[in-house]
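As a plain string of letters, each chain reads:
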Amino acid sequence: MPDSTSTSRMVGDDVIEGRQRLVFVNKGDHYTLSTLGVFADGVVLWRFGSTDLDGLRAAFDDGTLTLTPPEGASLIITGTACGTVPALESWLTPELVIGELADEVDDLNGRPDSSRRCWNALLAYAANPTGANLEIVRELYHAVPEHRRIYMLGDMDQNDVPVRILLAEVGETIPARHPDHPLTVTPEARERALDYFRRSEAGVARVQAQRVADGPETTVPLVVGGHVYPNGWPDPAGLEVLQIDYPAAVTHGGREYASVMHAYWALSTDDADWHDRIAAASRGLDARTLGEDAPRRPGWPAARLGAMAALLRDKFERHPAMAATLLGTGDARLLYNDWASKFWSSSGANWLGRLLELARSELATRQ
């Protein structure tokens, strides 16, 4: 399987998820070991190079990148060691690496990768075993990186043997799961392979139905927050009412505050003067600016989630029209955009998005 780890990069205010692995970079008089990253938008990065998968292929072709520097070449592993390259062998080729990275891009975007595309074609062929459908299977099977084909069915008792049986001619001898024990393809073997995929489809359908018995496992994300309106909020406002700095009075401990933002930052300090100055700020963003400079009350990091949850709950109970807007987001995953805090923002823990989802769910149970 691919030897990669998660990474990300910022493009404007957006976080682009990616995967990274190691590769050797040819620097002319020496080689360096560097990370090679591929991202959901198709960008490929290494050290100071930026390209796409076609550019990556060209970099392998012209020797800029390699999986196996020549024996005896100078090697520098930045911050760790230097010396000469020993005799290296890679179980991969550049094309196999590129195939893996293409699968990673599909996975990062929630699309079927090469193995899943072949699997879907196999189910279609099992349901309607025509020559045309078999040719689709053949094409998609050979599009799966060769070293990943044994994993494509997720069945280590079979590997990819059922696929190879279907792609072989009757009477042809092919390696079985153990290459030393070849298998001669018979009409019965082909029928068993077809039945394997028919049973697999039925089993997958049963498991999927059980997994989503109480609703979908994942939902379409919806970005909220992050908007600033120096000349005043839109009227009528839309999703802007979900922002914690939107002017909507809330109460806590018997005191009223102009917005959730005012209340949150005022409650974050135990200094009465700072509390009152924050509460009196003209805008929510001004309340945050003051609050960031105020002395923090002891234990606030442990209490802040509960405080924010209580304030959001009060806001939507007191303002039915805003509650209706929140309920109107359905079951969408809410990604809260807050440039000032990774704790609250979807660029980090997304706690504001998650608390909004909780408040929405609580409202839905009372309908």
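Undergrad: Explain the nonpolar core residue by residue, including any values.
TA: I244, M308, L312, F316, L326 and L356 are the most contacted members of the largest nonpolar core, which totals 40 residues. Mapped by element, the contributors of at least two residues to this core are α7 (260-267), α8 (272-279), α9 (284-293), α10 (300-318), α11 (320-327), β14 (333-336) and α12 (351-365). Setting aside chain neighbours within four positions, we find L326 in contact with L242, F316, L334, L356, A359, R360 and L363. One finds W119, V137, M152 and V161 within the second-largest nonpolar core, a separate group that totals 26 residues.

Undergrad: Let's hear about empty space enclosed by the protein: which residues, and what values?
TA: In the structure shown here, the tally under the stated rule is two cavities of 30 Å³ or more. Of the volumes computed, that of the largest cavity is approximately 100 Å³. Looking at the largest cavity, it is lined by 13 residues, and the ones nearest its centre are G226, Q243, D245, R288 and N337. In the lining of the largest cavity, the residues fall into six nonpolar, four polar and three charged. The volume enclosed by the second largest cavity comes to roughly 30 Å³. L312, R313, F316, E317, A359, E362, L363 and R366 are the residues that line the second largest cavity. Here the lining of the second largest cavity takes four residues from α10, the largest share from any one element.

Undergrad: Can you break down a nonpolar patch on the surface residue by residue, with the values?
TA: Taken together, the side chains of I150, Y151 and M156 define a hydrophobic patch exposed on the protein surface, amounting to about 240 Å² of accessible area. Among the structural elements, M156 can be located in the loop between α4 (131-143) and α5 (161-167).

Undergrad: Residues and numbers for the layout of surface pockets, please.
TA: Which parts of space are left empty comes out when a probe the size of a water molecule is rolled across the atoms. Of the volumes computed, that of the largest pocket is approximately 790 Å³. Lining the largest pocket are 29 residues, and of these D14, V15, I16, E17 and S346 sit closest to its centre. For the lining of the largest pocket, the secondary-structure elements that each account for two or more residues are β2 (14-26), α2 (94-108), β11 (221-224) and β14. Looking at which element gives the most residues to the lining of the largest pocket, the answer is β2, with five residues.

Undergrad: Can you lay out the confidence of the model for the chain for me, pointing to particular residues and giving the numbers?
TA: Looking at the chain as a whole, the pLDDT averages 91, with 96% of positions reaching at least 70. The weakest mean pLDDT in the chain belongs to helix α6 (residues 187-211) at 81; the strongest belongs to α7 at 98.

Undergrad: Describe in detail the side chain of E240, supporting the description with residues and values.
TA: Residue position: E240 is located in the loop between β11 and β12 (250-252). No salt bridge forms around the buried E240; measuring N to O, its nearest opposite-charge neighbour K315 is 11 Å away. Those residues in contact with E240 that sit more than four places away from it in its chain are Y229, W233, P234 and Y246.

Undergrad: Please set out the packing of aromatic side chains residue by residue, giving values where relevant.
TA: Counting across every chain of the model gives nine aromatic pairs. Between Y196 and F197, the aromatic rings sit 5.1 Å apart at their centres with planes inclined by 85°, giving edge-to-face as the arrangement. For the pair Y229 and W233, a centre-to-centre distance of 5.5 Å together with 50° between the ring planes defines the contact as tilted. Aromatic rings pair up to connect Y264, W265, W300, F343, W344 and W351 into one cluster. We note R9 situated over the ring of F39; from NZ or CZ to the ring centre the distance is 4.9 Å. Sitting over the face of the ring of F343, R304 holds its NZ or CZ atom 3.5 Å from the ring centroid.

Undergrad: I'd love a proper account of the environment of G253, names of residues and values included.
TA: Mapping G253 onto the fold places it in the loop between β12 and β13 (255-257). Exposure remark for G253: the relative accessible area of 81% places this residue in the exposed category. In sequence terms G253 and G131 are 122 residues apart; their C-alpha atoms lie 73 Å from each other.

The rules we used
- Residues numbered from 1 in each chain as written.
- Predicted model: local features only at pLDDT ≥ 70, side-chain atom pairs only at ≥ 80, totals over all residues.
- Heavy atoms only, no water.
- Core = buried A, V, L, I, M, F, W, Y, C linked by side-chain atoms within 4.5 Å.
- Buried < 20%, exposed > 50% of the residue type's maximum accessible area, 1.4 Å probe, protein only.
- Helix = DSSP H or I, 4+ residues; strand = E, 2+ residues; numbered from the N terminus.
- Contact = heavy atoms within 4.5 Å.
- 1 Å grid on protein atoms, 1.4 Å probe; cavity = no way out; pocket = protein on both sides within 12 Å on 5 of 7 lines; lining within 4 Å.
- Points joined across faces, edges and corners; volume = space filled by probe spheres on them.
- Nonpolar A, V, L, I, M, F, W, Y, C, P; charged D, E, K, R; others polar.
- Patch = residues over 30% accessible without salt bridge, like charges linked within 9 Å, V, L, I, M, F, W, Y side chains within 5 Å.
- Areas by Shrake-Rupley, 256 points an atom, 1.4 Å probe, with all protein chains shown as cover.
- Salt bridge = Lys/Arg side-chain N within 4 Å of Asp/Glu carboxyl O.
- pLDDT = per-residue confidence, 0-100.
- Lys, Arg positive; Asp, Glu negative; His and termini not counted.
- Phe/Tyr/Trp six-rings, centres within 6.5 Å; stacked < 30°, edge-to-face > 60°.
- Lys NZ or Arg CZ within 6 Å of the ring centre and 35° of its normal.

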